[in-house]
Amino acid sequence: MQLGLIGLGKMGGNMRERIRRAGHTVIGYDRNPDVSDVASLAELVDKLEAPRTVWVMVPAGAATQSVIDELGGLLQSGDTVVDGGNSRWTDDEKHAAELGARGIGFVDAGVSGGVWGLKNGYALMVGGEKEHVDRLQPIFDALKPEGPYGYVHAGKVGAGHFSKMVHNGIEYAMMQAYAEGWELLEKIGSVENVREVFRSWQEGTVIRSWLLDLAVSALDEDEHLDRLRGYAEDSGEGRWTVEAAIDNAVPLPAITASLFARFASRQEDSPQMKMVAALRNQFGGHAVESAKE
C-alpha cells in the first residue's frame, strides 16, 4: 500500500520506517528538508496514486488545522486523511465535516508507543467510518505490535482520540502512584536499596507494568534521580480528560490529583503552602520559615 506521512519527528520518523519494513511505500514530508522525501505537501500529493491516503503526525491545534486546510485543497473525492497526532476529539468532528464536504474521508488514530514503537509496535485506537478504516487496515497491521492486541476500531469519528486521551489520563495516575511510592521509600532510612525494591516488583506482583520497567531503567541510570529537576509538563490530554469527566459527571479523583501534582511541580515556592503555613501559625503558633532573600 502507498501512504503519505506528514511530520517526521520522533514518532513520525519511526512510524515511516516501521511501515516501510512491512513492505509498504511511504512518502514523507517534514519542514526539515534533511528528513523529508519531498519539498512540499503539493509534491507529496502529486506522488500518491488515487485513492490517496495521507497520515498527519503534527502537533495538535493550529498546526494540525493548517495541514488539514491545505490537504483539503489538494486532495480529491475518495481520498482519506488520518490524524495520528494528539488532537482533541472535538476537533476530529470538525475536520471530518470539513473534509467530508469535499468527499474526503477522515480517520482519527490515537497512537501510543513513543520512541519504543519502531521496535515494539504502536498501540492504535482508531475512530471513523468502517469503509475508511477498512481501507487502511494494511497500514494499521504494519504499525501495531505482533499478536492479537494493540489495535481497536473504537467507534465513530473522535472515538480514537477520545480513547487515547483516557489512556493518557490513566498513564498520569499510574506514573504519579509510582512517583509517590518511590519518594516514600527514599524517605525511610531503613530501606537501604530503593532501586532494588522497585526491581523486585517487576516479576510476580500485581503492580508490574512497562512503566515500572521504565522506572527501573531510569533508576539504573541515576539511582536517586539527583540529576533531574522535579518538574513535569503536561501534554494537554490530562486536562482534556478531567474536563470530559466534569462534562459527563464521572468522578476521576486519581487522574485529577495526578494532573494537579504536575501543576504543583512548577512551583518552587508554593503560594498555597504560604497560606497553609500562615494559618498554622495563627491558630497554633506553629513555626514559619522566612522567605529567602
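What you are looking at is a predicted structure, and each value in this text was computed from that prediction instead of being measured. (Residues numbered from 1 in each chain as written. Predicted model: local features only at pLDDT ≥ 70, side-chain atom pairs only at ≥ 80, totals over all residues. Heavy atoms only, no water.)

Okay, the environment of Val-107 next. Mapped onto the elements, Val-107 comes out in strand β5 (residues 105–112). Of the residues examined, Val-107 reaches a relative accessible area of 0% and is grouped as buried. Along the primary structure Val-107 and Asp-83 are separated by 24 residues, whereas in three dimensions their C-alpha atoms are 6.4 Å apart. Apart from the residues within four sequence positions on either side, Val-107 is in contact with Thr-80, Val-81, Val-82, Asp-83, Val-126, Gly-127, His-132, Val-133, Leu-136 and Phe-140. (Helix = DSSP H or I, 4+ residues; strand = E, 2+ residues; numbered from the N terminus. Buried < 20%, exposed > 50% of the residue type's maximum accessible area, 1.4 Å probe, protein only. Contact = heavy atoms within 4.5 Å.)

The next thing to look at is the environment of Ala-109. Its place among the elements puts Ala-109 in strand β5. When its relative accessible area of 0% is taken as the criterion, Ala-109 is described as buried. With residues up to four places along the chain from it excluded, the contact list for Ala-109 reads Trp-55, Val-82, Asp-83, Gly-84, Gly-85, Met-125, Val-126 and His-161.

Quick look at the sheet that holds β5 now. The seven strands lie next to each other as β2-β1-β3-β4-β5-β6-β7, forming an open sheet whose pairing is mixed. Every other strand in the sheet has two partners, leaving β2 (25–29) and β7 (151–155) as the edge strands with one partner each. Across the sheet, the mean angle separating the axes of adjacent strands is 25° when strand polarity is ignored. With four bridges joining them, strand β4 (residues 80–83) and β5 adopt parallel strand pairing. By the bridge assignment for β5, Thr-80 is matched with Gly-105. Sheet strands touched by helix α4 (residues 89–100): β4 and β5. Its angle to β5, the strand with the most contacts, is close to 150°. (Pairing = 2+ DSSP bridges. Axes fitted to C-alpha atoms, helices over the stretch in contact; angles between N-to-C directions.)

Following the criterion strictly, the structure yields 16 salt bridges and no others. Of the charged contacts, one joins Asp-79 and Arg-52 as a salt bridge, the two residues approaching to 3.0 Å between their closest N and O atoms. Placement of Asp-79 in the loop between α3 (62–74) and β4 and of Arg-52 in the loop between α2 (41–47) and β3 (53–56) is noted, with a sequence separation of 27 residues between them. For Asp-79, a relative accessible area of 2% corresponds to the buried category. (Salt bridge = Lys/Arg side-chain N within 4 Å of Asp/Glu carboxyl O.)

Put simply, α3 and α4 touch, their axes get as near as 10 Å, and they point 15° apart. Put simply, α3 runs roughly parallel to α4. Pair α3 / α4 crosses with right-handed handedness. Between α3 and α4, the contacting residues are Thr-64, Gln-65, Ile-68, Asp-69 and Gly-72 on the first element and Lys-94, His-95, Glu-98 and Leu-99 on the second. Considering only residue class, the contact of α3 with α4 consists of two nonpolar, four polar and three charged. (Parallel < 35°, antiparallel > 145°, perpendicular 65-115°, else oblique. Left-handed = near helix turned anticlockwise from the far one by under 90°. Nonpolar A, V, L, I, M, F, W, Y, C, P; charged D, E, K, R; others polar.)

This next bit is on unusual backbone geometry. In this model, Ala-50 is joined to Pro-51 through a cis peptide bond whose omega is -5°. Positive phi outside glycine occurs at Leu-225, with the angle close to 55°. Of note, the phi angle at Ala-249 is positive, near 55°, even though the residue is not glycine. Within the element layout of this structure, Ala-249 appears in the loop between α11 (237–247) and α12 (253–264).

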